[in-house]
Amino acid sequence: MPYNSRSISLKSLAILTMLTINAFGTSIPSRPEPIQTNQATSALFAEENWAFALGGGVMYRAKYEGSDNYHAVFIPDISARYKDGLIFANWNGIGSYPIYGENYKIGASISPSFGRKEKDDRENLRGMGDIDTGIVVNLLGEYDYGPMKLSGKISKGDKEYGTTAKLEIGKVFALTEKLKLKVAAGNTWADEEHMQSYFGVSPVQSMRSGYTPYEAKSGIKSAGVSIATFYSITKSWEAKVILTADKLLDDAADSPLTKKDLNTATMATLSYKF
C-alpha cells in the first residue's frame, strides 16, 4: 500500500502532541520539601542516585543515508544518569525528564547533528559539498502501554538540519537473568529544509556533481526496525549488540543521491557500569 506522507507525518506529530497535552494535564507528583543546601548537595551526589557507564565499540554502517558504500567506525559508550533520567548525559546528548508520572515522562535534550562530509563518500558525494555539524534541540516523550513503550522525539536544528520527528514503539524481553532483548519499530518525518539538505540537489550542486537537479519535499523520510541484545557478563560489565535496518521512503528514496534505499547497521559495544 503506498504511503501518504502528509497523513502519516501529521498522525505521528498528533500522537506525540496528545501525549504532551495529557502529561501536562495530569497532576505531577509533588516534589520533596526544600532542604538545606548542604543536604541537597549530599543528596545530589549520593552514590545510589547515579549510574555511569564507560566503554566503546564498533559500528559498521553506510557512509551516509542512502549510500551503497559501508565502513566501520568507533562508537563511544559513555553515559551518566541521575534518578532514572531526571538528568542524563551520553554521547547522543544531554537532557532531563522533569515531567513524569506512573507510566509516562516528558523531557528535553540537546544533541549534536553530525552533518555530512563530501570526503566521507567521494564516489557518490563529489561536488555536493558538506553539511555542517551543529546542535539540535529535542522534545522527548515516553509512554508505557502495558508491556509496550511508545516514544517520540521532535528535533529542531539550524537551517541545514531543519526539523524532524520520530515515533517508535518497542518492547523489552527478559530472555534469561543476564540476557535481555529489545525489539522496536518506527518512522521518521522530516521537513523540507532537512530533506533538501540531505537528499536534494541544487542547481549549483548539479553543475559541480553532474547529478540532475532535485527538489526534496517534506514527508516521511524513513521507516526502520531494530533488534538489540544486552548481556550482563558480570555485575559491572555489559555487552551490547544492536542491529538496525532503515528504509528510505518517498522523496528520500527517489533522490539521485540514494544509491541504496535500505541501509543496515551493526553495532557491538562493551561497557563498564559503576
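Going by the structure above, here's the rest.
All values derive from a computational prediction rather than experimental measurement. (Residues numbered from 1 in each chain as written. Predicted model: local features only at pLDDT ≥ 70, side-chain atom pairs only at ≥ 80, totals over all residues. Heavy atoms only, no water.)

Caption draft 1: Representation of the overall build of the protein chain. If you tally the helices and strands in the protein chain, you get six helices and 12 strands. About 16,000 Å² of surface is accessible on the protein chain, with carbon and sulfur atoms providing 60% of the total. (Helix = DSSP H or I, 4+ residues; strand = E, 2+ residues; numbered from the N terminus. Areas by Shrake-Rupley, 256 points an atom, 1.4 Å probe, with all protein chains shown as cover.)

Caption draft 2: Examining the layout of surface pockets more closely. Roughly 260 Å³ of internal volume is contained in the second largest pocket. Among the elements of the structure, helix H4 (192-199) and helix H5 (203-209) are those that each provide at least two residues to the lining of the second largest pocket. The residue makeup of the lining of the second largest pocket, split by class, is three nonpolar, six polar and six charged. (1 Å grid on protein atoms, 1.4 Å probe; cavity = no way out; pocket = protein on both sides within 12 Å on 5 of 7 lines; lining within 4 Å. Points joined across faces, edges and corners; volume = space filled by probe spheres on them. Nonpolar A, V, L, I, M, F, W, Y, C, P; charged D, E, K, R; others polar.)

Caption draft 3: Inspection of the sheet that holds strand E7 (residues 148-156) at higher detail. Taken in spatial order, the 12 strands close into a barrel running E1-E2-E3-E4-E5-E6-E7-E8-E9-E10-E11-E12, and their pairing is antiparallel. On average, each strand axis in the sheet is inclined to that of its neighbour by 20°, with strand direction left out of account. Note: strand E1 (residues 50-62) against strand E2 (residues 70-82), 13 bridges, orientation antiparallel. Paired with Gly57 across the strands is Ile75, a residue of E2. (Pairing = 2+ DSSP bridges. Axes fitted to C-alpha atoms, helices over the stretch in contact; angles between N-to-C directions.)

Caption draft 4: Broad picture of a nonpolar patch on the surface. Together, Phe52, Leu54, Ile78, Tyr231, Ile233, Trp237, Leu270, Tyr272 and Phe274 make up a nonpolar patch on the protein surface, roughly 840 Å² of accessible area in all. Within the secondary structure, Ile233 sits in the loop between strand E10 (219-232) and strand E11 (237-248). (Patch = residues over 30% accessible without salt bridge, like charges linked within 9 Å, V, L, I, M, F, W, Y side chains within 5 Å. Salt bridge = Lys/Arg side-chain N within 4 Å of Asp/Glu carboxyl O.)

Caption draft 5: Layout of the pairing of E1. Of the strand pairs in this sheet, E1 and strand E12 (residues 262-273) are connected by eight bridges, and their pairing is antiparallel. Bridge pairing in E12 links Val58 to Ala268.

Caption draft 6: The arrangement of a negative patch on the surface in detail. The grouping of Asp130, Asp132, Asp158 and Glu193 at the surface amounts to a negative patch. A relative accessible area of 43% means that Asp130 is categorised as partly exposed. (Lys, Arg positive; Asp, Glu negative; His and termini not counted. Charge placed at Lys NZ, Arg CZ, Asp CG, Glu CD. Buried < 20%, exposed > 50% of the residue type's maximum accessible area, 1.4 Å probe, protein only.)

Caption draft 7: A look at unusual backbone geometry. Of note in this structure, Asp250 is not a glycine but carries a positive phi near 50°. Secondary-structure assignment places Asp250 in helix H6 (residues 250-254). Residue class for Asp250 comes out partly exposed when judged on its relative accessible area of 25%.

Caption draft 8: Structural context of the pattern of salt bridges. Throughout the structure, instances matching the rule amount to eight salt bridges. For Lys217, the salt bridge identified is with Glu192, shortest N-O distance 3.9 Å. Here Lys217 is found in the loop between H5 and E10, whereas its partner Glu192 is found in helix H4, with 25 residues between them in sequence. A relative accessible area of 39% places Lys217 in the partly exposed class. Under the relative-accessibility criterion, Glu192 is labelled partly exposed at 36%. Across the pair Lys247 and Asp261 runs a salt bridge, and its minimum N-O distance is 3.1 Å. Of this pair, Lys247 sits in strand E11 while Asp261 sits in the loop between H6 and E12, and the two are 14 residues apart along the sequence. What makes Asp261 partly exposed here is its relative accessible area of 29%. It is possible to trace a salt-bridge network through shared partners that takes in Lys105, Glu142 and Lys149.

Caption draft 9: Examining the nonpolar core more closely. Residues Met195, Phe199, Val201 and Leu257 are the most contacted members of the largest nonpolar core, which totals 17 residues. Other than its neighbours up to four places away in sequence, Met195 contacts Ala190, Gly200, Ala216, Lys217, Ser218, Lys221, Asp251 and Ala252. Core analysis: the next-biggest nonpolar cluster, separate from the first, contains six residues, Val73, Ala228, Ile242 and Met267 among them. (Core = buried A, V, L, I, M, F, W, Y, C linked by side-chain atoms within 4.5 Å. Contact = heavy atoms within 4.5 Å.)

Shape descriptors only; they carry no functional weight alone.
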